[in-house]
Amino acid sequence: MLGVFSSSIVSPPEELVAAGSRTPSPKIKAAALVKRFLDNNSSAVSIQIGDDAQLAYTHHNQSPLKPRSFAVKDDIFCLFEGALDNLGSLNQQYGLGKSGNEVVLVIEAYKALRDRAPYPPNHVVAHLDGNFAFIVFDKSTSTLFLAADQFGKVPLYWGITADGNVAFADDADLLKGACGKSLASFPQGCFYSTAVGGLRSYENPKNKITAVPATEEEIWGAKFMVEEPAVFAAATK
């Protein structure tokens, strides 16, 4: 799956901008990235959303245990890859029927988050039990919301194209060829929301996320990590 968003939607992460400047490498523009995805994946589907967002996906070569799905409802677009172990109970929680699938569930969960403010976004994602990565774009508010599971079972990567768009995909090689060193693995157990101002851990929402510059030999430009909370041991005699 692939999601590409202009800088008017997503501010390019400073750490990835710096990585691309530190080690210049070939990049391509967002339109060329989407074309490359469509050319390389049979039966791929692309959805243009206004002037600033584009989603694309394919069922080709997907894992039967981690299928990809797409849905749109009330101007909310969602790409989902993976499977939720607690889908049944979540469908009940959000008032969906037994036939509701993961991608529809995530849309309903996002709507609850958006419409019941202040509802902590980390609560929404923390309730998802399974292997997953998803991208939600709300056209009505130009809001991007995405997340990856806590164990990184469904890979997710992000990078910056030659024209400054931010791209998210489950294929590292695809983004490597488009974003050069302005590329990183999306940190597991985290979500990104333009509504709350960027990258957060949903497992440890109070913990800061830092980016460590990668070495020249690595394909990544940086590695994003959730800092461990400071532990103070009481002195004993």
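Described in the following lines is the structure provided in the data block. (Residues numbered from 1 in each chain as written. Predicted model: local features only at pLDDT ≥ 70, side-chain atom pairs only at ≥ 80, totals over all residues. Heavy atoms only, no water.)

**Concerning the packing of aromatic side chains**
Consideration 1: Under the counting rule described, the total for this entry stands at 14 aromatic pairs.
Consideration 2: Measuring from centroid to centroid gives 5.7 Å for phenylalanine 5 and phenylalanine 137, while their planes differ by 45°, and the two rings are tilted. Placement of phenylalanine 5 in strand β1 (residues 2-5) and of phenylalanine 137 in strand β6 (residues 130-138) is noted, with a sequence separation of 132 residues between them.
Consideration 3: Take phenylalanine 137: its relative accessible area is 3%, and that puts it in the buried class.
Consideration 4: Between phenylalanine 5 and phenylalanine 168, the ring centres sit 6.2 Å apart and the planes meet at 65°, which makes this aromatic pair edge-to-face. Taken together, the residues phenylalanine 5 in strand β1 and phenylalanine 168 in strand β9 (residues 166-169) connect sequence positions 163 residues apart.
Consideration 5: When its relative accessible area of 0% is taken as the criterion, phenylalanine 5 is described as buried.
Consideration 6: Overall, the relative accessible area of 0% leaves phenylalanine 168 in the buried class. (Phe/Tyr/Trp six-rings, centres within 6.5 Å; stacked < 30°, edge-to-face > 60°. Helix = DSSP H or I, 4+ residues; strand = E, 2+ residues; numbered from the N terminus. Buried < 20%, exposed > 50% of the residue type's maximum accessible area, 1.4 Å probe, protein only.)

**A look at the sheet that holds strand β5 (residues 76-84)**
Consideration 1: An order of β4-β5-β6-β7-β11-β12 is seen for the six strands of this open sheet, with the pairing classed as antiparallel. Edge positions in the sheet fall to β4 (68-73) and β12 (198-201), since each of these pairs with one other strand and no more. For this sheet, the mean inter-axis angle between neighbouring strands, taken without regard to orientation, is 15°.
Consideration 2: As judged from the four bridges shared by strand β11 (residues 190-193) and β12, these two strands associate in the antiparallel manner. The partner of serine 193 across the bridge, within β12, is glycine 198.
Consideration 3: Relative to β5, helix α4 (residues 102-115) is tilted by about 125°, and along the sheet it contacts β4, β5, β6 and β7 (143-148). (Pairing = 2+ DSSP bridges. Axes fitted to C-alpha atoms, helices over the stretch in contact; angles between N-to-C directions. Contact = heavy atoms within 4.5 Å.)

**Some words on the layout of surface pockets**
Consideration 1: Here the largest pocket defines a volume of roughly 450 Å³.
Consideration 2: Sorting the residues of the lining of the largest pocket by element identifies β13 (209-213) and β14 (222-226) as the ones contributing at least two each.
Consideration 3: In terms of residue count, β14 provides more of the lining of the largest pocket than any other element does, five residues in total.
Consideration 4: In terms of residue class, the lining of the largest pocket is built from 15 nonpolar, seven polar and six charged.
Consideration 5: Around the second largest pocket sit 18 residues that line it, and Glu15, Gly197, Gly198, Leu199 and Phe224 are the ones nearest its centre.
Consideration 6: For the lining of the second largest pocket, the secondary structure elements donating two or more residues are α1 (14-22), β12 and β13.
Consideration 7: With four residues, the single largest contributor to the lining of the second largest pocket is β12.
Consideration 8: Across the lining of the second largest pocket, the residue classes break down as eight nonpolar, six polar and four charged. (1 Å grid on protein atoms, 1.4 Å probe; cavity = no way out; pocket = protein on both sides within 12 Å on 5 of 7 lines; lining within 4 Å. Points joined across faces, edges and corners; volume = space filled by probe spheres on them. Nonpolar A, V, L, I, M, F, W, Y, C, P; charged D, E, K, R; others polar.)

**Comments concerning the packing of helix α2 (residues 30-40) against helix α6 (residues 172-179)**
Consideration 1: Viewed as axis vectors pointing N to C, α2 and α6 meet at an angle of 145°, and their least axial separation amounts to 10 Å. Judged by the sense of rotation from one axis to the other, the crossing of α2 with α6 is right-handed. For the pair α2 and α6, the contacting residues are Leu33, Arg36 and Phe37 in the first and Leu174, Leu175, Gly177 and Ala178 in the second.
Consideration 2: Residues that form the contact of α2 with α6 fall into these classes: five nonpolar, one polar and one charged. (Left-handed = near helix turned anticlockwise from the far one by under 90°.)

**As for the sheet that holds β9**
Consideration 1: A sheet is described by the order of its strands in space; here six strands give the open sequence β2-β3-β1-β9-β8-β10, paired in antiparallel fashion. Either end of the sheet is taken by a strand with one partner, and the two such strands are β2 (45-49) and β10 (183-185). Along the sheet, successive strands turn relative to each other by an average axial angle of 15°, direction set aside.
Consideration 2: As defined by bridge partners, strand β8 (residues 157-160) adjoins β9 across four bridges and the pair is classed as antiparallel. Paired with isoleucine 160 across the bridge in β9 is valine 166.
Consideration 3: Across the sheet, α1 lies against β8 and β10, angled at about 60° from β8, the strand it touches most.
Consideration 4: Running at roughly 165° to β1, α2 makes contact with β1, β2, β3 (53-57) and β9 of the sheet.

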